[in-house]
Amino acid sequence: MRTLIYFLAISLFIFSCSSTTKTITTNNTKLPEEAVIIANDSLEYEITIIDLGFKLYLNTIAKPANYYSQKYYETKNQFYVTRWNIRAQNPLRYDDSIYENIIDYDFNTDYGLDVNYKLYNYFKFVEYKYHQVF
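None of these values were measured; they are calculated from a predicted model.

A.B. asks: Any chance you could explain the overall build of the protein chain here in plain terms?
C.D. replies: A count of helical and extended segments in the protein chain gives four helices and two strands. Traced from its N-terminal end to its C-terminal end, the protein chain shows the element sequence α-β-β-α-α-α. Looking at the protein chain residue by residue over its 134 residues, the buried ones come to 28%. Across the protein chain, the fraction of contacts at a sequence separation of at least 24, relative to all contacts at a separation of at least 6, is 64%. By element, 56% of the accessible surface of the protein chain is carried by carbon and sulfur atoms, the whole surface being about 10000 Å².

Here is the structure:
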C-alpha cells in the first residue's frame, strides 16, 4: 500500500509539473511593409518601392512635400538618377542588392510634385539606411 501511495504521489507531482507548462505560440513572422507606389496616372508612370523602412522614413523623417519646389526635386533627381544608374550598371563595384534596377527617368517629362518628391526621398532614404553617398 505504501508503494502505491508513493507511486501516486510521484505521478501526481510529475503530472502537476507538466500541466502548468504553458505553450505560447506567437507569430513572429513580420508582414511585409506596405509598398510605396510612386505613380503619375496621366503619364502611366509607376515605381514600386518595397524597401523596408521607406514608408516609415517618408512619414517621420522626410520633410513635407511642399518644403522644396518641384523644380528643386527635379534638379536633385536628375543628379541622383544619373548616379544611381551608373551604380546599377556596375554590380561588381557597387552593391547589387541596393542598386538592383536602372531608373528610367526622362529629364524632359513633368512627372509632377508627388513623383519627384517620393523619388527624391527614396534617394535620401538610401543614403540614410545604407550609408551611401551619391
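A.B. asks: Just to check I follow, could you spell out the pairing of strand 2 (residues 45-49) for this structure?
C.D. replies: Moving residue by residue along a regular strand, the side chains alternate between the two faces of the sheet. Of the two faces of strand 2, only the one carrying Tyr45, Ile47 and Ile49 is buried; Glu46 and Thr48 on the other face are not. Linking strand 1 (residues 36-40) back to strand 2 in an antiparallel pair, the connection comprises four residues, with glutamate 44 at a positive phi of about 55°.

A.B. asks: Sorry, what's going on with the nonpolar core here?
C.D. replies: Across soluble globular proteins, nonpolar side chains show a tendency to be buried alongside one another. Of all hydrophobic cores here, the largest spans 28 residues; its most connected members are Trp84, Ile103 and Phe123. Of all the secondary structure elements, the ones that give two or more residues to this core are strand 1, strand 2, helix 2 (54-60), helix 3 (70-88) and helix 4 (113-130). For this core, the element with the highest residue contribution is helix 4, accounting for eight residues. The residues contacting tryptophan 84, other than those within four sequence positions of it, are Ile98, Tyr99, Asn101, Ile103, Tyr122, Phe123, Val126 and Phe134.

A.B. asks: Help me understand helix 3, please; the structure alone is not making it clear to me.
C.D. replies: In an α-helix, one turn spans 3.6 residues, which is why side chains three or four residues apart end up on the same side. Counted at 1.5 Å a residue, the expected span for helix 3 with its 19 residues is 27 Å, and the 26 Å between its end C-alpha atoms agrees. Looking only at helix 3, the buried set comprises Tyr73, Glu74, Asn77, Tyr80, Val81, Trp84, Asn85, Arg87 and Ala88. Packing partners of the buried residues in helix 3 comprise helix 4.

A.B. asks: Explanation requested: unusual backbone geometry in the structure shown.
C.D. replies: Among all residues save glycine, negative phi is the norm, and among peptide bonds the norm is trans. In this structure, histidine 131 is a non-glycine residue whose phi angle is positive, near 55°. Assignment of secondary structure puts histidine 131 in the segment after helix 4. Its relative accessible area of 67% is what places histidine 131 among the exposed residues.

Cut-offs and rules
Residues numbered from 1 in each chain as written. Predicted model: local features only at pLDDT ≥ 70, side-chain atom pairs only at ≥ 80, totals over all residues. Heavy atoms only, no water. Helix = DSSP H or I, 4+ residues; strand = E, 2+ residues; numbered from the N terminus. Buried < 20%, exposed > 50% of the residue type's maximum accessible area, 1.4 Å probe, protein only. Contact = heavy atoms within 4.5 Å. Areas by Shrake-Rupley, 256 points an atom, 1.4 Å probe, with all protein chains shown as cover. Pairing = 2+ DSSP bridges. Core = buried A, V, L, I, M, F, W, Y, C linked by side-chain atoms within 4.5 Å. Expected span 1.5 Å × (residues − 1).

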